[in-house]
Amino acid sequence: MGRLIDFDLPQNNILSNVAGGGASNDNPLDPEEFRRQGHMVIDFIADYYKNIEKYPVLSQVEPGYLKKRLPTSAPMNPESIETILGDVQDHIVPGITHWQSPNYFAYFPSSGSIAGFLGEMLATGFNVVGFNWMSSPAATELESIVMDWLGQMLRLPKSFLFSGNGGGVLQGTTCEAILCTLVAARDRTLRIIGNDNIGKLVVYCSDQTHCAFKKAAQIAGINPDNFRVIPTTLSSSFSMCPKALRNTITTDVEAGVVPIFLLATVGTTSTTAVDPLGPLCDVAKDYGMWVHVDAAYAGSICICPEFRHFIDGVEGADSFSFNAHKWFFTTLDCCCLWVKDPAALTQSLSTDPEYLKNKATESKQVVDYKDWQLALSRRFRSLKLWLVLRSYGVEKLRGFLRSHVKMAKVFQGFVEADNRFEVVVPRNFANVCFRISPSAVMNKTNNGVLGEITNSNDISSPRTKTKMGMVNEVNQKLMESINGSGGIYMTHSVVGGIYLLRFAVGATLTQESHVIEAWNVVKQHAHAILNSIPTTHSQ
């Protein structure tokens, strides 16, 4: 049996250091009161991490729980930090799904670190609004430096760096990075063919591309009928086929529409599939299309030389992004975007009101990052990335990432050694896609249809569909049972009609012992579910 988790924490555990103190000073930024309360909050968070394993990973509350616990209106008079932190412990913590838990294996990681937290504190503490160089020169210049550092670590072509003719910017999320580059590509084409032809613009992706691209296309005014999705298959590990892309583009060109943008992915959300960048960029180049490479999850690991080949061909792309807040120990939000042609962004996104004019901008010697993003205001994000890079260094960061891949390999080995399970797609990074195998389910029913599921070229027959549905249902029950226990948390996807479970290693606190225990939990729940299937016999 797996380890039992005690979800009832001692009442004063996290708040053991929170005591004394009076009402807040009348000055909202009084240094000494800030020091006093700040120490309390740091202690609170430190104790939270000390005890994080004792919480159910997936929050167990019901919808609307918090409204029943909190007052219906804000307090008229000040309340002490002691009282507020007490309510955080009693009412907020139960409603948190603990992304930093070592037993968190869902979605993709949102890994944190002391350096990331402290960098966030510094950025919040300074609280500058770095929309242009003049508003805080250090915010702009540090960002430019850090983006070149990181680009060099990834061995990006010099054309993407400020030291070349390109440059990097920190966006909030990949969604923003995609939208900014799509708008740049849109306007680049419309300046040639005229704004009246926006209805002719066509964009391309695979059926594994993140849904953020579809949203970006809608916001950018792309006709929904001109959003092309290239099908992928299990046999190609769900990567985009360059030949299928070319055939689709050729048909579109013959129909009189205009291809403008291709989104290629390194590490898709469902299965961490990798699109072949070089061949795809070659196709796009023939039609003058903008290529954006979304490596939101997998970009981090490419600082390791043995994984760098996954972005081979990026030199043919126009832009590249990854999320440092996913698997790079830098807290949300921090998306790193590089572009070869910054002018393409600024031509679409720049603003020049009188109240923002200044000599530095007019000199053309500085970067005004407001013109590289959607919003005007922007945070000092580069501080936390700078602290992460300096506090750990390239080699230690590589070591952290490699340890996660090693743990994923351990879990994969467990799956492959148990004939009740199978790995659905090859593992590229630290995410294992697996399920209870059709044979394990069909052996219980003994109805002779297993071959139809595993070998038949025609999986559309009603009988095969029914049995595939049965296998999917069993795996869905497995995931829901595991997550309902609170001990570990995983998420799923459906690709090629297959319901699979995703085991994504990447939480900062995860160690191999947690992976071993997670496998024990999976086995226990699978055993119970398979034994609950009624045995039948073929007619």
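These numbers come from a predicted model, not from an experiment.

What counts as what
Residues numbered from 1 in each chain as written. Predicted model: local features only at pLDDT ≥ 70, side-chain atom pairs only at ≥ 80, totals over all residues. Heavy atoms only, no water. Helix = DSSP H or I, 4+ residues; strand = E, 2+ residues; numbered from the N terminus. Rg over C-alpha atoms; globule rule 2.2 N^0.38 Å. Buried < 20%, exposed > 50% of the residue type's maximum accessible area, 1.4 Å probe, protein only. Areas by Shrake-Rupley, 256 points an atom, 1.4 Å probe, with all protein chains shown as cover. Lys, Arg positive; Asp, Glu negative; His and termini not counted. Charge placed at Lys NZ, Arg CZ, Asp CG, Glu CD. Contact = heavy atoms within 4.5 Å. UniProt positions renumbered as here; feature names shortened; annotations may be inferred. Pairing = 2+ DSSP bridges. Polar contact = N/O pair within 3.5 Å; in protein donor to acceptor, adjacent residues only side chain to side chain. Disulfide = S-S within 2.5 Å. Axes fitted to C-alpha atoms, helices over the stretch in contact; angles between N-to-C directions. pLDDT = per-residue confidence, 0-100. Parallel < 35°, antiparallel > 145°, perpendicular 65-115°, else oblique. Left-handed = near helix turned anticlockwise from the far one by under 90°. Nonpolar A, V, L, I, M, F, W, Y, C, P; charged D, E, K, R; others polar. Patch = residues over 30% accessible without salt bridge, like charges linked within 9 Å, V, L, I, M, F, W, Y side chains within 5 Å. Salt bridge = Lys/Arg side-chain N within 4 Å of Asp/Glu carboxyl O. Domains from an automatic or database assignment. Buried area = accessible area lost by both parts, 1.4 Å probe.

Q: In this structure, what is going on with the overall build of the protein? I would like to understand it.
A: Scanning the protein from N- to C-terminus turns up 17 helices and 11 strands. Taking 539 residues into account, the globule formula puts the C-alpha radius of gyration at 24 Å, and the protein, at 26 Å, falls close to it. Expressed along its principal axes, the backbone C-alpha trace of the protein runs to roughly 85 × 75 × 45 Å. Every one of the 539 residues in the protein was classed for burial, and the buried ones make up 51%. Split by element, the accessible area of the protein, about 24,700 Å² in all, is 55% carbon and sulfur. Mean positive and mean negative side-chain charge positions of the protein (47 and 50 charges, respectively) differ by 5 Å.

Q: Any chance you could explain the environment of Asp312 here in plain terms?
A: Along the chain, the position of Asp312 falls in the loop between strand S5 (290–294) and strand S6 (319–323). Sequence spacing of Asp312 and Leu332 is 20 residues, and the spatial spacing of their C-alpha atoms is 27 Å. Excluding its chain neighbours within four sequence positions, the residues that come into contact with Asp312 are Leu277 and Gly278.

Q: Before we go on, may I ask you to explain the UniProt feature "modified residue: N6-(pyridoxal phosphate)lysine" (unreviewed entry) in the protein in this structure?
A: Following the UniProt record, the feature "modified residue: N6-(pyridoxal phosphate)lysine" (unreviewed entry) maps to Lys326 here. Tracing the backbone through its elements, the reader meets Lys326 in helix H10 (residues 324–327). Not counting residues up to four positions away in its chain, the partners in contact with Lys326 are Phe108, Pro109, Ser110, Ser111, Ala296 and Tyr297.

Q: Explain the pairing of strand S7 (residues 335–339) to me, please; I cannot follow it from the model alone.
A: In summary, the side chains of a regular strand alternate between the two faces of the sheet. Burial of S7 is extensive: 5 of the 5 residues sit out of reach of the surface. The sheet contact formed by strand S1 (residues 167–171) and S7 spans 5 bridges and is antiparallel. Residue Val169 lies in a different strand from S7, and its bridge partner there is Leu337. Pairing geometry for S6 and S7, over 5 bridges, is antiparallel.

Q: What exactly am I supposed to notice about the side chain of Ser59 here?
A: Inspection of the secondary structure puts Ser59 in the loop between helix H1 (31–50) and helix H2 (65–69). A polar contact is formed between the side chain of Ser59 and the backbone oxygen of Pro94, at a distance of 2.8 Å. Apart from the residues within four sequence positions on either side, Ser59 is in contact with Pro94, Gly95, Ile96 and Thr97.

Q: How should I be thinking about the state of the cysteines in this particular structure?
A: Here a disulfide denotes a covalent bond joining the sulfur atom of one cysteine to the sulfur atom of another. Applying the stated criterion across every chain, the model contains 0 disulfides. No disulfide involves Cys211; its sulfur sits 7.1 Å from the nearest other cysteine sulfur, which is in Cys175. Residue class for Cys211 comes out exposed when judged on its relative accessible area of 59%.

Q: Is there a simple way to explain the sheet that holds strand S10 (residues 491–495) in this structure?
A: Adjacent strands of a sheet pair through backbone hydrogen bonds, lying either parallel or antiparallel. Taken in spatial order, the 4 strands make up an open sheet running S8-S9-S11-S10, and their pairing is antiparallel. Pairing within the sheet leaves two strands with one partner each, and these edge strands are strand S8 (421–423) and S10. Strand-to-strand twist across the sheet, computed as the mean angle between neighbouring axes with direction ignored, equals 40°. Where S8 meets strand S9 (residues 431–436), 3 bridges bridge the pair, whose relative direction is antiparallel. Residue Glu422 lies in a different strand from S9, and its bridge partner there is Arg435.

Q: Which parts of the structure should I look at to understand the confidence of the model for the protein?
A: In this model, the protein carries an average pLDDT of 90, and 90% of its residues clear a pLDDT of 70 or more. Counted against residues more than four places away or in other chains, residues 1–7, with its pLDDT under 50, gives 15 contacts.

Q: Just to check I follow, could you spell out the packing of helix H13 (residues 382–417) against helix H17 (residues 512–532) for this structure?
A: What describes two packed helices is the angle between their axes and the distance between those same axes. It is the contact of H13 with H17, at a shortest axis distance of 9 Å, that shows an interaxial angle of 25°. As the angle between them shows, H13 and H17 are arranged roughly parallel. Crossing angle aside, the handedness with which H13 passes H17 is right-handed. Contacts between H13 and H17 involve Met407, Val410, Phe411, Phe414 and Val415 from the former and Glu512, Val515, Ile516, Trp519 and Val522 from the latter. In terms of residue class, the contact of H13 with H17 is built from 9 nonpolar, no polar and 1 charged.

Q: Quick question: what am I supposed to make of the sheet that holds S5 here?
A: Sheet architecture is open: 7 strands sit in the order S1-S7-S6-S5-S4-S2-S3, paired in mixed fashion. The open sheet is flanked by S1 and strand S3 (227–230), the only strands paired with a single partner. The sheet shows a mean angle of 20° between the axes of neighbouring strands, taken without regard to direction. Where helix H6 (residues 174–193) meets the sheet, its contacts fall on S1, strand S2 (201–206), strand S4 (258–265), S5, S6 and S7, and the angle it forms with S4 comes to roughly 160°.

Q: Would you take a moment to explain a nonpolar patch on the surface for this structure?
A: Nonpolar side chains collect at one region of the surface, where Ile42, Ile114, Leu118 and Met121 lie side by side and expose about 370 Å² of accessible area between them. Of the residues forming the nonpolar patch, the biggest block, 3 residues, is contributed by helix H4 (residues 114–126). Here Ile42 is to be found in helix H1. For Ile42, a relative accessible area of 37% gives the class partly exposed.

Q: How should the domain arrangement of the protein be read in this particular structure?
A: Quoted interface sizes are often the accessible area lost when the parts come together. What the domain assignment reports for the protein is domain 1 (128–379) and domain 2 (393–532). In this complex, domain 1 contributes 26 residues to the contact, which on the side of domain 2 involves 25 residues. In total, domain 1 and domain 2 occlude about 2,100 Å² of area from one another, counting both sides; carbon and sulfur atoms represent 71% of this. It is Ser270, Trp327 and Phe329 that lose the most area in domain 1 upon contact with domain 2, and together they represent 27% of the buried surface on that side. Seen at the junction of domain 1 and domain 2, the total is 1 salt bridge. Linking Arg402 and Glu306 is a salt bridge whose minimum nitrogen-to-oxygen distance equals 2.7 Å. For the pair domain 1 and domain 2, the number of links is 8 residue pairs in polar contact (both at pLDDT 80 or more). Residue composition of the side of domain 1 that touches domain 2, by class: 17 nonpolar, 8 polar and 1 charged.

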